Amino acid sequence: MNIGLIGIGTVGGGTYRVLKDNASAISNKMGIDIKITHVADKNLKLAKDTVDKDITVEENAFALIQNSSIDTIVELIGGTGVALEIVRKALENGKHVVTANKALIAMHGEELVKIANKNNVVLAYEAAVAGGIPIIKAIREGLAANEVEWIAGILNGTTNYILTEMKENNLPFDTALQQAQDLGFAEADPTFDIEGVDAAHKITILASIAFGIPINFEAVHVEGISSLSQKDISYAEELGYRIKLLGIAKTDNSNVEIRVHPTLIPEKRLVANVDGPMNAVLVQGNMVGPTLYYGAGAGAEPTASAVAADIIDIARQSMLSNKTLIPTLGFMPDKIHKKNILSIENIFSEFYLRLTMKNKVGLLAKITNIFADHEISINSMVHKEVKENNLNPDIFLITSKTKESDIDVIIKEIELLPENIEKIVKIRTEELK
Ligand code: HSE
C-alpha cells in the first residue's frame, strides 16, 4: 500500500519515524507491505531533510491526490482550510484518508463521511481524539455491544498540564502554558486549548460514535480554563475535589448533553489523579459498566502511534472486497439520528459556588434562606476565618443536584444582596460513578 504523507511537522515527522523505526514490528502483523512513497510539505527543505532520498518530496499536496500510484493520503497539516480541500478531493479521488485533524472531523465530518461512504473508501481519525489512546477503536469496536450511557474525558493535554502545574508547583498560568507550548502539546493557536475548543472538537466526535448522532460541533457548550483561579483549585482540594477540564457527553436515550468545562471531581477517582499532559477517558457502557482509558493525548510519537494504527487497519482492510468494514461513525449510516441536545440551563449538576461578601451579622442566614426558598440543599460549606487582615473571608459551598437554571436564579438573588462584593464563581461537579 503506497502512502502519500501531507505535512511533515510534529505529528507528520513522528509518523514517518514510527513507520520507519518500527517497520519490522509492523510488517510482522500484516500480510501486505506499506510504504510512504510521497511526502508533501510547504517547507520543502524540512521535508527533504526529514525523509530518505528514495521518497518523492513535493511542495504541492494536490500533486499527491492526483497521483494514481498512491492508495492512502495521510493528512497531518491540521486546520479546516486547505486540509478540508485536501481530504475532500482525496476521498473523491477514491483514496483512503487518515487524519489527526479533530477540528476537521468535528466541523466537516458529516460531509466527509458521506463522501467516503459514496466512494467506498476509509476515512480514519483515531489520532484526532486523545492522541495515542485508541479510544475510537475502543468505542466503535470493543464496546460495540453496549449502549454507551456517558463519557467523561480529560481530552486536552495542554490544559491538564497547566492545571497540574498550577496546583502542584504554584506556577502562574502563563508560565505553565509556555512550558506546554515548548513541549509541543499545544495547538498552533493555544486559545483552542485554553478556551476548551480543542476538547470540544474531541467530545463532539466521541458523542457521535457513542450515541449514533450526527457530528454537531455547534451543539457543544464550551468553557475553558482562562478564568479559573488558583484559589478555586485549592478550595476544591479542601472539599476533597480536583478541578479538571472535562469533555462530557451523556444520554438518557431521548436527550443528549455535550459540554466542556472545568469540573470538580472527587479526588479519589482515578481520573482525578491524571496529571501533566496525559489524557484519560471514562466510558460507561450499559453492559460493561465503567471503563477507563489512559495515555498520552498529545506529542509526536503518541499521536503518530494512532496515525500508524489507522494506516495498518486500512492496509488490512484493503485485502477485503468491502473496504469500509467498520462504519466510519460506529453506526450504520441509516441508523444515525438526531437527538434533542439539552441547552446548558437544562442540565442537572451539583455546583461549587464561591461567594465574596461583606461579613455582616446575619449574612449566612440570608444566603441559606435563599437556598431554602428555592428548596435547594447545600451539601457542604466552608466559611474561612475572619482575621484582622481579612474581614470579608471567602465562603464556598457545594449544592445538591440542581437544574442549572435554578442555580442561576439563586446566584442572581445572592448577587443582589447589599453584602455582595464580587461576581459569584460557579463550577459544575461530576461524581463520575
Ligand atoms: N493541543 C492538544 C492537547 C494536542 O494539548 O491535547 C492533541 O490534540
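This is a predicted model, so every value here is computed, not measured. (Residues numbered from 1 in each chain as written. Predicted model: local features only at pLDDT ≥ 70, side-chain atom pairs only at ≥ 80, totals over all residues. Heavy atoms only, no water.)

## Observations concerning the overall build of the chain
Put simply, the test is: Only DSSP runs of H or I covering at least 4 residues are called helices, and only runs of E covering at least 2 are called strands; the numbering of each starts at the N terminus. This radius of gyration counts C-alpha atoms alone. The globule rule is 2.2 Å times how many residues there are, raised to the power 0.38. In this scheme, a residue with accessible area under 20% of its type's maximum is buried, one over 50% is exposed, and one in between is partly exposed, where area comes from a 1.4 Å probe on protein chains only. Residue contacts follow a heavy-atom distance rule, with two residues in contact if any of their heavy atoms lie within 4.5 Å. Method for areas: the Shrake-Rupley scheme with a 1.4 Å probe, in which residue coverage is limited to the protein chains shown.
Regarding its fold elements, the chain presents 15 helices and 18 strands. Against the 2.2 N^0.38 benchmark of 22 Å for 433 residues, the chain shows a C-alpha radius of gyration of 24 Å, consistent with a compact globule. Projected onto the principal axes, the alpha-carbon positions of the chain cover approximately 80 × 45 × 35 Å. The 433 residues of the chain split such that 53% are buried. A separation of at least 24 residues holds for 73% of the contacts in the chain among residues at least 6 apart in sequence. Summed over all atoms, the accessible surface of the chain reaches about 18,600 Å², with 51% contributed by carbon and sulfur.

## What about the site of the ligand?
To keep things clear, this is the line we draw: If even one non-hydrogen atom of a residue comes within 4 Å of a molecule or strand, that residue is called near it. Think of a polar contact as two N or O atoms within 3.5 Å of one another; within protein, one of them needs to be a possible hydrogen donor and the other a possible acceptor, and neighboring residues in sequence only count if both atoms come from side chains. Points on a 1 Å grid over protein atoms alone make up a cavity when a 1.4 Å probe fits among them but cannot get out, and a pocket when they form an open set with protein on both sides within 12 Å along at least five of seven lines; lining residues each have an atom within 4 Å of a point. Assignment of a molecule to a cavity or pocket requires that more than half of its atoms lie within 2 Å of the corresponding grid points. Any residue that is not Ala, Val, Leu, Ile, Met, Phe, Trp, Tyr, Cys, Pro, Asp, Glu, Lys or Arg is counted as polar, Gly included; the first ten are nonpolar and the last four charged.
Taken together, Lys102, Asn156, Gly157, Thr158, Phe185, Ala186, Glu187, Asp193, Asp198, Lys202, Gly297 and Ala298 are the residues near the ligand. Interatomic distance of 2.6 Å between a side-chain N/O atom of Glu187 and a nitrogen atom of the ligand. A distance of 2.7 Å is found between a nitrogen atom of the ligand and a side-chain nitrogen or oxygen belonging to Asp193. Protein chains shield 92% of the accessible area of the ligand, which is 260 Å² for the free molecule. Of the pockets mapped on this structure, the ligand occupies the largest pocket. Broken down by secondary-structure element, the contributors of at least two residues to the shell around the ligand are α8 (157-168) and α11 (197-211). Across the shell around the ligand, the residue classes break down as 3 nonpolar, 4 polar and 5 charged.

## Observations concerning the side chain of Thr164
Turning to its location among the elements, Thr164 is positioned in helix α8. Using a relative accessible area of 8% as the deciding quantity, one classes Thr164 as buried.

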